[in-house]
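Spelled out, the chains give:
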Amino acid sequence: MSGRNLLGWLADPDPRHGLRFLSASGSWERVSYPTLAALALGTAERLRADGVSPGDVVGLTADAGPGFLTGFYGILAAGAVPAPLAPPALFERGELARDRLHGQLLASGAVRVVADPCWAEVLRPLVPVVGTSLETGSASSTPPRCPPSRALVQFTSGSGGRPKAVNVPLDALEANVAAIRDWLRMGPDDATASWLPPYHDMGLVGCLLTPVTYGGDLWVMSPRQFVRDPVAWLACFGEHGARLTAAPAFGLAHVVRRVTPDRLAGRGWDLRAWRALITGAERVDPAVVERFVALLAPHGFPAHAVLPAYGLAEATLAVTGVPPGRGLRVRRVDRHTLVGGRRVGPAPAASDDRALDLVGCGVPLVASSTVRVVDATGRPLPDDHVGEITVTGPALASGYLSSGEPGHEDGDGTGVFGDGVLRTGDLGFRSEGELFVLGRLGDAVKCRGRVVLAEDVEGALAGVPELAGARPVVLLGVRHGVPTALVVAERRPGPWCAAAVEAVRRRGEGLDVRVVTGGTGTVLRTTSGKPRRRAMWEATAERACADDR
């Protein structure tokens, strides 16, 4: 690994740098790396005293901030394997939270869990709980044990089904951390700011482990704080000197929806030093990127800082990324040519309905890794042909635990491992060495001989004014033998329903379209914010039948 190994900073923490977290009072509080290291080693000492042995799996449930960081590194320093678990969500009822956490604890094989006090009561009936050293003030200078060969049990976000537990070897994690550092040319003076949940791959590996390994400052806030006040995240770059970050596409959309130019006027920000805004986790809409850049350009934000990328938990995190300084590469294609095994064609000049703008997600980042696009038999396809994305290389996870074995009951096609090749379950094509991602195989349906993608159809709803800010979701499947789109929105029925049906029909020519409405909680999302399309289809298809208009 270039620079230092994953635990190297514990022996040599830099007092000039550390973690700052946004407190409940709205102020930024700082904890230095020497303090964080001592608290992490204190957690390790407590775990060893509590009977945790080398190689044991230990769950971790803590809010973003020093408690999570010291818990994660404390588990590793005890020679154990951390398994980050998402804490109960805002609208997740107590019994549902317990059931989810119980399932994840069983799948990971955790013998203990390190938890913030606020989650301890939920977890204590399920597994022995060890409080974070941040709460107890327990610090230590006892040297860490060697980390286990399996460094992480990482749960997928579960957008296509139940989250699955992924085994991540130490070598794979260190290879991915080094690749991200080399990609971003990250040094100790490059501060990272993040609102992403630390228990998922992008927030964990990209925005926590990588900067900590290489000693950079961290500015951390919770997803809830970001949703409430996205300007506080932008201020990390305009006022506090952060240079690097990552955000899913819906995060950029939230910024341009909630932040107006007048809210930024007079702040005196200079964003020219903002070097990298990695975006991925779902298809990147170039129109959203343009609006984001336009919002911040008066303050010096460089458009080339936006770096689309592709990754997934089964590959630890990063697979491909756009080289820094290059800027977006956008291909306008004919959506009617997006058929498995066929060549992607250019959009007809006179047909906006058939035009689809796709953002390139860059080139492979991990040394000696390969990214291919294959047909249904696994045969590699030429450039500009649609197929399933496959990945090989040293940063791949070693497989799933328990119910996540290939052929698992989720049936979403996600991450099938075999002979060192990861079949990702994502559709895309390669062009001149760059990867273009179309969407999930499990979120698509065949209609009139072509592949219709949920994310593509969903984009048509942007033109329905009554749905602005509602984040409606489109579900695709076959109902009574007919390819069908369900529009699910947390809205009361009204005239907007007809407008939504018409917009989806124009985009998904040949689809039968139905609307499902409801209150808060109707749109199911993963703990990382992505829609749980498969679960919603199963829950709402019959309702849509009953609500036919």
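These numbers were taken from a predicted model, which means no experiment stands behind them. (Residues numbered from 1 in each chain as written. Predicted model: local features only at pLDDT ≥ 70, side-chain atom pairs only at ≥ 80, totals over all residues. Heavy atoms only, no water.)

J.: How should the overall build of the protein chain be read in this particular structure?
T.: Helix and strand counts for the protein chain stand at 16 helices and 28 strands. What you see for the protein chain is a C-alpha radius of gyration of 23 Å, in line with the 24 Å of a compact globule of 549 residues. Taking the principal axes of its C-alpha atoms as reference, the protein chain extends roughly 70 × 50 × 45 Å. Per-residue burial for the protein chain yields a buried fraction of 59% across its 549 residues. Working note: accessible area of the protein chain is about 21,000 Å², and carbon and sulfur atoms make up 52% of it. (Helix = DSSP H or I, 4+ residues; strand = E, 2+ residues; numbered from the N terminus. Rg over C-alpha atoms; globule rule 2.2 N^0.38 Å. Buried < 20%, exposed > 50% of the residue type's maximum accessible area, 1.4 Å probe, protein only. Areas by Shrake-Rupley, 256 points an atom, 1.4 Å probe, with all protein chains shown as cover.)

J.: What's the story with the nonpolar core in this structure? I'm lost.
T.: For soluble globular proteins, the rule of thumb is that nonpolar side chains tend to be buried together. Grouped together as the largest cluster of nonpolar side chains are 119 residues, with contacts concentrated most on Trp233, Leu234, Trp274, Phe292 and Phe301. In terms of residue count, helix H7 (residues 170–184) provides more of this core than any other element does, eight residues in total. Residue contacts for phenylalanine 292: discarding those within four places in its chain leaves Trp233, Leu234, Leu252, Val255, Val256, Trp274, Leu277 and Phe301. (Core = buried A, V, L, I, M, F, W, Y, C linked by side-chain atoms within 4.5 Å. Contact = heavy atoms within 4.5 Å.)

J.: I keep staring at the environment of arginine 440 and nothing clicks. Help me out?
T.: In this fold, arginine 440 is placed in strand S23 (residues 434–440). Looking at arginine 440, the relative accessible area reads 17%, which means it is buried. A C-alpha to C-alpha distance of 19 Å links arginine 440 and arginine 471, two positions 31 residues apart in sequence. Polar side-chain contacts of arginine 440 include one of 2.3 Å to the side chain of aspartate 426. (Polar contact = N/O pair within 3.5 Å; in protein donor to acceptor, adjacent residues only side chain to side chain.)

J.: Could you clarify how one ought to interpret the packing of helix H3 (residues 66–77) against helix H8 (residues 201–213) in this entry?
T.: Viewed as axis vectors pointing N to C, H3 and H8 meet at an angle of 75 degrees, and their least axial separation amounts to 12 Å. Compared by their axis directions, H3 and H8 come out roughly perpendicular. Between H3 and H8, the contacting residues are Phe68, Leu69, Phe72 and Tyr73 on the first element and Leu204, Leu208, Leu209, Val212 and Thr213 on the second. Along the lines of polarity and charge, the residues of the contact of H3 with H8 split into eight nonpolar, one polar and no charged. (Axes fitted to C-alpha atoms, helices over the stretch in contact; angles between N-to-C directions. Parallel < 35°, antiparallel > 145°, perpendicular 65-115°, else oblique. Nonpolar A, V, L, I, M, F, W, Y, C, P; charged D, E, K, R; others polar.)

J.: Just to check I follow, could you spell out empty space enclosed by the protein for this structure?
T.: Gaps left between atoms show up when a probe the size of a water molecule is rolled over them. Under the criterion given, the structure shown has five cavities of 30 Å³ or more. Around the second largest cavity, the lining residues are Ala64, Gly65, Phe68, Ser194, Leu196, Pro197, Pro198, Gly203, Cys207, Leu208, Leu218 and Val220. Breaking the lining of the second largest cavity down by element, the ones donating at least two residues are H8 and strand S10 (218–220). Sort the elements by how many residues they give to the lining of the second largest cavity and H8 lands first, with three residues. Looking at the lining of the second largest cavity residue by residue, the classes come out as nine nonpolar, three polar and no charged. (1 Å grid on protein atoms, 1.4 Å probe; cavity = no way out; pocket = protein on both sides within 12 Å on 5 of 7 lines; lining within 4 Å. Points joined across faces, edges and corners; volume = space filled by probe spheres on them.)

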